[in-house]
Amino acid sequence: MVDMASSATGDLNLRNITKSFGDFVAVDDLTLTIPKGSFFALLGPSGCGKTTTLRMIAGLEEPTSGSISIGESDITHTKPYKRPVNTVFQNYALFPHLTIFENVAFGLRRRGQKDVKDAVEKVLSLVELGHLKDRKPGQLSGGQQQRIAVARAIVNRPALLLLDEPLGALDLKLRRQMQIELKWIQTEVGITFVHVTHDQEEAMTMADTIAVMNKGRIEQMGSPVELYENPETVFVANFLGQSNLIEGHVQSDSGAETSVDVHGSRILLPSSRNRGKEQKVLVGVRPEKINIHTSSTSAGKNALEGGVVTDISFVGVSTQYQVEMPWKQEIMVFEQNDGGAPNIRKGDRVTLTWEPHFTFALSPES
Amino acid sequence: MREVSRWFSRNLIRIYAALAFIYLFIPVAYTMAFSFNDSGKRNLIWQGFTLKNWANPCGAPEVCTALGNSLKIGVISTLIATILGTMIAFALGRYNFRGRSSTNLIIFLPMATPEIVLGASLLAMFLNLGINPGFWPTVIAHIMFCISFVVVTVKARVASLDPKLEEAARDLYANEYQTFRRVTFPLVLPGIAAAALLAFSLSFDDFIITNFNSGTVTTFPKFVWISSARGVPAQANVIGSAMFLIALIIVVAGQFAGNARAKRNR
Ligand SMILES: Nc1ncnc2c1ncn2[C@@H]1O[C@H](COP(=O)(O)OP(=O)(O)OP(=O)(O)O)[C@@H](O)[C@H]1O
Ligand SMILES: [Mg+2]
């Protein structure tokens, strides 16, 4: 019974995967590698093809073209029940006619394991629900069902666990709690997790690596810090946190440093952070990287003058300013409430400054 | 006066329920009462209480033969109609094939056609084929009209089945057969059971189509009809009452079992 595919371990490789439904391309030439043992998040807006990608990995959908492999073995056309992959479905899909114990034992029994009691009880105590093993799924709360869905999958020790927005139906508090629990379970069992979500905060707090997906393609892939500090496309810059993006024209590039003209001001940035391909670029900076001043500029920093404060909101740890620039664009500025911030009121004229190495530049078409 | 009207408005629902109940159960109560009638031949006038009808339900000639025929026809046609109907329901609910919508329509036809028309045309068909009316033609006729009800009942259950559950089963190492055996079938089973009960009661109860196609074979409804001209023997009341009580006991037991299970799981 044990064949190559069902015992495969190693990195998951998707090579040039495309999936079309009729004329519609749901997943478009996707290539990515997910290292064994990692917590990988697939992040993207609704309808971008995340579920379709997971379903192809699970074998519930066949790719139109491309190949999928785990380690050395190609599983592109392997039946779902022969893959070392288990899924935690979005709505959990627990079997309503079976007890919690039998739900969790389902995979083990199908693979012909006779004595399932120890394994099932161990995994139930891992998710702290051992006392509910004789109940039916309908008698569990949403959070409990979610944990059972995880237990039912990991008890099989798959090479790969796919989670399709498993926390989507939970309220915020329970969601935060489950995020911590899932992350803990992943380190505990050491299985590769592929976690699909459209909550950027969830992806950032849980994953080692995030792939940002948009319209069936991967926009950018990297660690949460990399994606946040060095976004490569306009979509990523706006999807992960907030960004200020200002039009500018590249003046010079020394190889180490690029100089951009932004509405008459000279803005500097490391050349490695310029993703623009032509002269016209979008200069980006995160709101919390900007300092706000009522006096004129300090040297050695990027500075934009002539802004007028149009709105101030105090949110406890920080104060958020909305500043209208002379070219009628609103810029967001977050200042820490650490006592160092100047006393600024609505209508004040201000100068905005930030360090060149916090600046990035993007191609406007991206 | 005010007191009375207030009492009325407070108990209106109860009064209404009681009246509706009485209306529904007077015929049943009447049937039961007259199963204890010491009647002789004609069971129309109350002659005095006796248990002898219940002690010997097969006392009247033909009552038990008719009942036996009805049960045989009911069981055979229920079994076959349930199996065939369930298969059709899965095909219609799960697969897209050419002629699916016309099949859907044809399945509904026997339910919409007046029984008297069905019965008469079936008889004409059997005679044209050179088959004499009797036991098997009746079974075939019953299977035909039961299938429609089975398909409709089971299809509703199949349609309400979440396809994610079957995907989850396949994801958890169940092959096609195991997925059906462990997930699909158990989840559709209540629908199949309901369909079988419905089919049996339809078959057992049927008079019109049976009357056309059964020839000399007498079923229970047919026996009651024929003997009503001369007077229905009290044993028929015994059997009718017994059927009612058995059905009632099954329903009540089912309720209790369900409640007990729910309590145990809590
Ligand atoms: N079976 C199908 N037939 C036709 N189109 C489909 C099918 N499945 C998915 N699609 C389309 O493919 C696109 C991607 O769907 P998918 O379910 O992968 O999105 P998603 O990223 O998971 O979105 P969400 O966050 O809303 O769950 C959608 O536009 C959807 O309409
Ligand atoms: Mg989805």
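The model shown is predicted, which means the values in this text are computed figures rather than measured ones. (Residues numbered from 1 in each chain as written. Chains lettered and ligands numbered in written order. Predicted model: local features only at pLDDT ≥ 70, side-chain atom pairs only at ≥ 80, totals over all residues. Heavy atoms only, no water.)

### Quick notes on the domain arrangement of chain A
How big an interface is tends to be reported as the loss of accessible area on association of its parts. Per the domain assignment, the segments making up chain A are domain 1 (12-229) and domain 2 (242-362). Of note, the centres of domain 1 of chain A and domain 2 of chain A, computed from C-alpha atoms alone, are 40 Å apart. (Domains from an automatic or database assignment.)

### Points about the state of the cysteines
Residue and element names in this part refer to chain B. Summed over the entire model, instances satisfying the criterion amount to 1 disulfide over all chains. Linked covalently through their sulfurs, Cys-58 and Cys-64 form a disulfide whose S-S length is 1.9 Å. Given an S-S torsion of about -85 degrees, the disulfide between Cys-58 and Cys-64 has left-handed geometry. For Cys-58, a relative accessible area of 44% translates into the label partly exposed. (Disulfide = S-S within 2.5 Å. Buried < 20%, exposed > 50% of the residue type's maximum accessible area, 1.4 Å probe, protein only.)

### Observations regarding the sheet that holds strand β18 (residues 330-336) of chain A
Residue and element names in this part refer to chain A. With respect to topology, 5 strands assemble into an open sheet ordered β15-β19-β16-β17-β18, the strand pairing being antiparallel. Every interior strand has two partners, whereas the edge strands, β15 (291-293) and β18, have only one. Neighbour to neighbour, the strand axes of the sheet diverge by 45 degrees on average, direction disregarded. Pairing of strand β16 (residues 302-314) with strand β19 (residues 349-354), which is carried by 5 bridges, proceeds in the antiparallel orientation. Looking at β19, one finds that Val-308 is bridged to Arg-349. (Pairing = 2+ DSSP bridges. Helix = DSSP H or I, 4+ residues; strand = E, 2+ residues; numbered from the N terminus. Axes fitted to C-alpha atoms, helices over the stretch in contact; angles between N-to-C directions.)

### Section: the interface of chain A and chain B
Taken together, the contact between chain A and chain B spans 29 residues of the former and 20 residues of the latter. Roughly 2,300 Å² of surface becomes buried between chain A and chain B when both sides are summed, with 58% attributable to carbon and sulfur atoms. The largest contributions to the chain A side of the interface with chain B come from A:Tyr81, A:His97 and A:Arg110, which together make up 29% of the buried area. Taken together, chain A and chain B are joined by 2 salt bridges. In this structure, A:Arg55 engages B:Glu167 in a salt bridge whose closest nitrogen and oxygen atoms are separated by 2.8 Å. Scanning the region where chain A abuts chain B turns up 9 residue pairs in polar contact (both at pLDDT 80 or more). When residues of the side of chain A that touches chain B are traced back to their parent elements, those giving at least two are α1 (50-58), β6 (85-88) and α2 (100-110) of chain A. Here the residues of the side of chain A that touches chain B are counted per class, giving 13 nonpolar, 7 polar and 9 charged. (Contact = heavy atoms within 4.5 Å. Buried area = accessible area lost by both parts, 1.4 Å probe. Salt bridge = Lys/Arg side-chain N within 4 Å of Asp/Glu carboxyl O. Polar contact = N/O pair within 3.5 Å; in protein donor to acceptor, adjacent residues only side chain to side chain. Nonpolar A, V, L, I, M, F, W, Y, C, P; charged D, E, K, R; others polar.)

### So, the confidence of the model for chain B
Segments scoring low in pLDDT should not have their predicted coordinates read at a detailed level. With 98% of its residues at a pLDDT of 70 or more, chain B has an overall mean of 89. Per the prediction output, this complex has pTM 0.80; the corresponding ipTM is 0.80. (pLDDT = per-residue confidence, 0-100.)

### Quick word on the site of ligand 1
Residues and elements named next belong to chain A. The environment of ligand 1 is made up of Phe-21, Phe-24, Ala-26, Ser-46, Gly-47, Cys-48, Gly-49, Lys-50, Thr-51, Thr-52, Glu-165 and His-198. Between ligand 1 and the protein, one listed contact pairs an oxygen atom with a backbone N or O atom of Cys-48 at 3.2 Å. In the environment of ligand 1, an oxygen atom lies 3.0 Å from a nitrogen or oxygen atom belonging to the backbone of Gly-49. Relative to its free-state accessible area of 640 Å², ligand 1 is covered by the protein chains to the extent of 61%. Those elements that provide at least two residues to the shell around ligand 1 are β2 (24-34) and α1. (Near = heavy atom within 4 Å. Areas by Shrake-Rupley, 256 points an atom, 1.4 Å probe, with all protein chains shown as cover.)

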